[in-house]
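Below are the chains, spelled out letter by letter.
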Amino acid sequence: MIPMLQRALRIQHTWNLPLRTCQAMAAAAFVLEVVGTNLAWATYTGFPGLMSLSFYPAGARSYVLALSVALALVAVRFTRRRQAGIWASLASFALTLQTLIAISRDGGGLVNVSAGAWITLLGTILGIIAFVALPDDGAPLPSSWPRLPRVLDGLAVVAGIGAAMLLLVYGLSVDPANQFVGLVIALIGGLAALNRLGLFAWLGALYARQQGLSLALIGLAAISFPFTQNGESYWLRVGANVGVLAAAAIGLNVVVGLAGLLDLGYIAFFGVGAYVAALYGNAGLGPSRGHIPFLLIVPLGALVSGLIGVIIGAPTLRLRGDYLAIVTLGFGEIFRIVVNTYDGFTGGPNGLANIPDLAFGSFNFGLPHKVFGITLQGFANYYWAELVLIAIVVFVFSRLDRSRIGRAWVAIREDELAAAAMGINTVAYKLLAFGIGASVAGGSGTIQAHVATQVSPDSFVFMQSVLLLAAVVLGGMGTVPGALVGAAILYAVPEKLRAFSDYRLLIFGVLLILVMRFRPEGMIASKRRQREFHDTEASGSDALSAPPGFAGAVP
C-alpha cells in the first residue's frame, strides 16, 4: 500500500508545449511585467516604495523587475532553464501577490490597487505557465559554467563576496517589514533559480581553488561591517548577539553534527558561563566574588561549563537517542529552576544586573572609539571581540573535524556498534565531544553576559536550546558555515520582522518544514552529508520505480 501511495504522489510532467510557444509566452510575460512594474500599483500615497508613482519602479516593483530581466536572460541564454524559470516565476508571483494584498489591506480594499499590480500579476502567471510547459531539463550542469584563468578567478571571488556584502547592508537598510518580506521572497526565488543553473556549484569550485583569498576577503568583510552602519549601534548590537550565539552553535555542532548526540539542554552550559562572568565581573546587583581580568574570565567560564558537562555526561552518555535527549532536557530544566529559586548567589528570578563592560587594560569595550576618523559605538568592540572568539572556535572545530578524533565521532554518529567493534572507545569519545561543546558554550556565555549587562533565568529556557539546535540543523550539521548561517537567520532575521512578532513561531515552523522537505541536509551541507542524502534519494527513487516483486528487493 505504501509504495502504491508513493507512486501515486509522484507528479509526472506529462504535458509540454512547443519550444517556440513557450518562448513567446515567456516574452509576453516579460513585457507585461516590465510594463506593470513601471505603472502605479496603489491609488493612494504613503505605501512604502512610492507605489502610487508611475515610471518609478521602487520598492517591491524593483524586485519584480529584476526577476523579470533575469527570466528573460534565462529563457534566451540557458538551455537547462525550466526549473530556474519556475523558481523565479513563482517568486515574482508570490512577491506581487504579497504586495497586492498589503496595498489592499492598508488602503481599505482591492479598489485601491492600481492597474500596474494586476498587469504584473498576470505577467507572472503567464511566466509560470511558460516555464512549466517546457520539457523537463533534469539536474543542473556545473560544467556549463566556464573555468576562468587564475587572475579572473580571483576577481570573481572579490566580486562575489563584495556583492554579498552590499546585499547584506542593503537588506538591513530596508525598513518597512512588508518591503523586507518582498526582498526575502525575491532572494529565495533568485538564489534557487541560480542554484538550478549550476552557479553555486561553480562558485563552490571557484572558492575551493581560491580558498586562501576567499577566507581573507570574508574576514575583511566581517571586520569592516561596523564601518557601514553610519555610527548607528542597533545592528552592531544584533551582530554582537548573533556572533555569540553563532560560536555557541558551532560548539553544539560538535555534539550534534559530528558525534550525533541530541542535546536538548545545551543552553544550560551557556548560562553557566554567563553566571560565572556575572559573579566574577563585579556585577552591581548580587554578591561580589572579586574581579577577574577579561583574558581569564572567558577561559574560566569555559572550564567550569566543561567540567559540569563532563560530570553530567559521565553517567548519562551510555544512553542513546531519545533517552539521552530526555536526560539533557532534564539537566537544562534543573539548571533553570535552581538559578530561579536560589537567591544565594544567582539573584533568584531577578538575576544579576549592572554587569560592567569588559575591559582590556585601559580599553573599555563599552565606550565609543574612533577608528580611521570614524566614531564607532561600543557594540562594535564587542562585535570584533566575538569575531576573534568565532575565529578561535572555527579553527578548533576545523582541526577536530579533520583529525582522528573527528573521524571517530563521525563513526560513532553513523553506527555506534560498528565503531565499538572497530576498537573505538565510544563512551570516552562521546564524553570528549560533550565536554568540548559545553566549554564552547560557557566561553560564549561569558561574553554574552557583558554584552547584555545582565543575566536572568528567563534567558536560558528550553526554547533557546531548540533555537540553537534548529540553527545547526537549518544551516547544515557538521559544517562551520552552516552553523554561522543558521544562527544569523534565526537570530537576525526576526529583528527585521518585528511587525510579525505574533506569527514568529509560525514562520519559524514553516521554514523548518520547507528546509527539511527540500533541503534535508541543510542550507550549507558537508560533502559527506550531501552524498548520504543523494544516495538515499536515489535508492528511494529506484524503489518507487521498481515493479512489484523486483528481485533486488531482499527482505
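Residues numbered from 1 in each chain as written. Predicted model: local features only at pLDDT ≥ 70, side-chain atom pairs only at ≥ 80, totals over all residues. Heavy atoms only, no water.

### Remarks on the environment of Gly482
Which entries qualify depends on this criterion: Every helix listed is a DSSP run of H or I at least four residues long, and every strand listed is a run of E at least two residues long, numbered separately from the N terminus. The buried label applies to any residue whose accessible area, calculated with a 1.4 Å probe on protein chains only, is under 20% of its type's maximum; exposed applies above 50%, and partly exposed to all values in between. The contact criterion used throughout is that any non-hydrogen atoms of two residues lie within 4.5 Å.
Residue placement: Gly482 occurs in helix H19 (residues 480-496). Since its relative accessible area comes to 0%, Gly482 is described here as buried. With 43 residues separating them in the primary sequence, Gly482 and Ala525 have C-alpha atoms 6.8 Å apart. If we ignore the near neighbours within four places in the chain, the residues touching Gly482 are Ala471, Gly475, Gly476 and Ile524.

### Thoughts on unusual backbone geometry
For Asn354, which is not glycine, the phi torsion reads 55° and is therefore positive. Along the chain, Asn354 turns up in the loop between helix H13 (321-341) and strand S1 (359-360). In this structure, Thr453 takes a positive phi of about 60° despite not being glycine. For Thr453, the location among the structural elements is in the loop between helix H17 (426-452) and helix H18 (462-475).

### As for the pattern of salt bridges
Quick note on the threshold: Should a side-chain nitrogen of Lys or Arg be within 4 Å of a carboxyl oxygen of Asp or Glu, the pair is scored as a salt bridge.
In this structure the tally under the stated criterion is 5 salt bridges. Arg413 is the salt-bridge partner of Glu414, the closest N and O atoms lying 2.7 Å from each other. The salt bridge partner of Lys430 is Glu416, with a shortest N-O separation of 3.1 Å. You can see Lys430 sitting in helix H17 and its partner Glu416 sitting in helix H16 (residues 416-421), a full 14 residues away along the chain. Given a relative accessible area of 1%, Lys430 falls into the buried group.

### Quick look at the environment of Leu262
Here Leu262 is to be found in the loop between helix H10 (234-258) and helix H11 (267-279). With 60 residues separating them along the chain, Leu262 and Asp322 place their C-alpha atoms 7.8 Å apart. When residues no more than four places from it in sequence are discounted, the contact partners of Leu262 are Leu324, Ala325, Thr328 and Leu469.

### Structural notes on H17
Definition in use: Expected span of a helix: the number of residues minus one, times 1.5 Å.
Helix length check: H17 (27 residues) gives 38 Å between terminal C-alpha atoms against 39 Å at 1.5 Å per residue, within 8%. Along H17, 19 of the 27 residues are buried, which leaves the element largely enclosed by surrounding structure. Looking one or two residues past H17, Thr453 carries a phi angle of roughly 60°, positive in sign.

### A look at the nonpolar core
Let me state the cut-off plainly: What we call a nonpolar core is a set of buried Ala, Val, Leu, Ile, Met, Phe, Trp, Tyr and Cys residues that are connected through their side-chain atoms within 4.5 Å. These domain limits were set by an automatic method or by a database of domain assignments.
Residues Leu252, Tyr266, Phe270, Val455, Leu468 and Tyr491 are the most contacted members of the largest nonpolar core, which totals 96 residues. With 17 residues, H10 is the single largest residue contributor to this core. Residues from two domains meet in this core; each of domain 1 (2-219) and domain 2 (234-355 + 397-494) gives at least three. Not counting residues within four places of it along the chain, the set of residues in contact with Tyr491 comprises Val242, Leu245, Gln464, Leu467 and Leu468.

Distances and angles like these do not, on their own, reveal function.
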